[in-house]
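Here is how the chains run, residue by residue.
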Amino acid sequence: MTSRKRHAKIVESLRSTGVASVRELAENLQVSESTIRRDLTLLDRNGELLRTYGGAALTPHGAAEAAGAEVDEIPFDLVISRDEALKEAIAEEAVKLVEDGSVIVLDIGTTPLAIARRLRGRPVTVITSSLPVLDVLRDDDAVRLVMLGGVLRRNYQSLVGSLTEQALRQVSADLLFLSCTGVRPNGHVVDNMAVEAPLKQAMIETAGKVVLVAVETKFPGTGSLRVCSLSDVDVLITTSGADPNTLQLCREADGKVILA
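Residues numbered from 1 in each chain as written. Predicted model: local features only at pLDDT ≥ 70, side-chain atom pairs only at ≥ 80, totals over all residues. Heavy atoms only, no water.

## Let's talk about the overall build of the protein
When its secondary structure is counted, the protein shows 11 helices and 15 strands. The C-alpha atoms of the protein give 19 Å as radius of gyration, which agrees with the globular expectation for 260 residues (18 Å, within 12%). Once the C-alpha set of the protein is aligned to its principal axes, its extents read approximately 55 × 40 × 35 Å. Within the protein, the fraction of its 260 residues that count as buried is 50%. (Helix = DSSP H or I, 4+ residues; strand = E, 2+ residues; numbered from the N terminus. Rg over C-alpha atoms; globule rule 2.2 N^0.38 Å. Buried < 20%, exposed > 50% of the residue type's maximum accessible area, 1.4 Å probe, protein only.)

The structure is reproduced here in structure tokens:
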């Protein structure tokens, strides 16, 4: 099989599944994993997919095409005004968990951005791929700010892709403030963007404690890509309108629930 045909089959596979691992692709195409890794690196460079930890995902545009949709992701500047008071209340509770000198990973999203504002002046290290967080903390001498590299995702003002994931593999953090687009009644934490799910999973692996920040409208919210389960979450910070049965699942999995 020529490399061109192989590349076409890789993209076709991703359009069916959204994400795929190197091992799966190698088995399906009957080539070595090293060959698939080289293919994915080239396709990532050409913008046909996004290289992820252990595999690949469709770009946001490709995912929309695969679903037969023409709907674009809602821009960050529009999302930021939604449920603003609820996000601020969550952020107020979140910073109470932060000790001076700690290393914190801030996910992208508008609630982590609200947390970033409250970290100004604190002697902490913040690691993020969010450009709005950069804007908030760039001139704060108290905060040591570490930016994860990657491909610019303009619509959501973040950095994504294989470079971001490679950087995360070198990170060891005390706390992760994780965002999502939904928390299912079965306890699955989900996202609606194929490009984000593997990054969030990589962030979870870096942190000693995972804190999920999700306003009540995220129960169940939206999204079909599983990021993790509530059993992987140490603390869930939400607001009083969140589904009580889902919150109980978190408690039963030994997670702490904080209502802001």
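Picking up after the structure, the text goes on.
## Things to note about the side chain of D107
Residue position: D107 is located in the loop between β4 (103-106) and α7 (110-118). Residue D107 is classed as buried on the basis of its relative accessible area of 0%. In this structure, D107 is in contact with P112, T128, L176, F177, L178, S179, K200 and M203, ignoring residues within four places of it in sequence. (Contact = heavy atoms within 4.5 Å.)

## Overview of the sheet that holds strand β14 (residues 235-238)
One open sheet accounts for seven strands, arranged β6-β5-β4-β9-β12-β14-β15; its pairing is parallel. Edge positions in the sheet fall to β6 (144-147) and β15 (256-259), since each has one partner strand and no second. Strand-to-strand twist across the sheet, computed as the mean angle between neighbouring axes with direction ignored, equals 20°. Along the sheet, helix α10 (residues 197-206) contacts β4, β9 (173-178) and β12 (207-213); its crossing angle with β12, the most-contacted strand, is approximately 135°. (Pairing = 2+ DSSP bridges. Axes fitted to C-alpha atoms, helices over the stretch in contact; angles between N-to-C directions.)

## Description of the packing of helix α1 (residues 3-17) against helix α3 (residues 33-45)
In contact at an axis separation of 11 Å, α1 and α3 are set at 75° when each is read in the N-to-C sense. Between α1 and α3, the angle is such that the two are roughly perpendicular. For the pair formed by α1 and α3, the contact residues are R6, H7, I10 and V11 on the first element and T35, I36, D39, L40, L42 and L43 on the second. Grouping the constituent residues of the contact of α1 with α3 by class yields six nonpolar, two polar and two charged. (Parallel < 35°, antiparallel > 145°, perpendicular 65-115°, else oblique. Nonpolar A, V, L, I, M, F, W, Y, C, P; charged D, E, K, R; others polar.)

## Some points on α10
Among the 10 residues in α10, eight count as buried, and that is most of the element. Within the sequence span of α10, burial applies to A197, P198, L199, K200, A202, M203, I204 and T206.

## Details of the sheet that holds strand β2 (residues 50-52)
Taken together, the three strands give an open sheet; going across it, the order is β1-β3-β2, and neighbouring strands pair in antiparallel fashion. Bordering the open sheet on either side are β1 (19-21) and β2, each of which pairs with just one other strand. Taking each pair of neighbouring strands and ignoring which way they run, the sheet shows an average axis angle of 25°. As defined by bridge partners, β1 adjoins strand β3 (residues 55-57) across three bridges and the pair is classed as antiparallel. Counted as the bridge partner of A20 is A56 from β3. Packing against the sheet, α1 makes contact with β1 and β3, and its axis sits at approximately 120° to β1. Packing against the sheet, helix α2 (residues 22-29) makes contact with β1, β2 and β3, and its axis sits at approximately 80° to β1.

## Focus: the pairing of strand β5 (residues 125-128)
Judged by which residues are buried, β5 turns out to be covered on both faces: T125 and I127 on one side and V126 and T128 on the other are all buried. Bridging between β4 and β5 involves four bridges; their strand directions are parallel. From the neighbouring strand, V105 faces β5, where its bridge partner is I127. Taking the sense of rotation as the criterion, the β-α-β connection linking β4, α7 and β5 turns out right-handed. One ladder, built from four bridges, connects β5 with β6; its direction is parallel. In the sheet register, T125 faces β6, and the bridge partner there is R144. (Right-handed = clockwise from strand over helix to strand, strands pointing away.)

## Details of the nonpolar core
With 37 residues, the main nonpolar core has L176 and L212 as its most contacted residues. If you list the elements that add at least two residues to this core, you get β9, α10, β12, β13 (225-229) and α11 (244-252). Sequence-distant contacts of L176, that is, excluding residues within four places in its chain, are made with V105, D107, M203, I204, A207, K209, V210 and V211. One finds I90, V95, V98 and L119 within the second-largest nonpolar core, a separate group that totals 30 residues. (Core = buried A, V, L, I, M, F, W, Y, C linked by side-chain atoms within 4.5 Å.)

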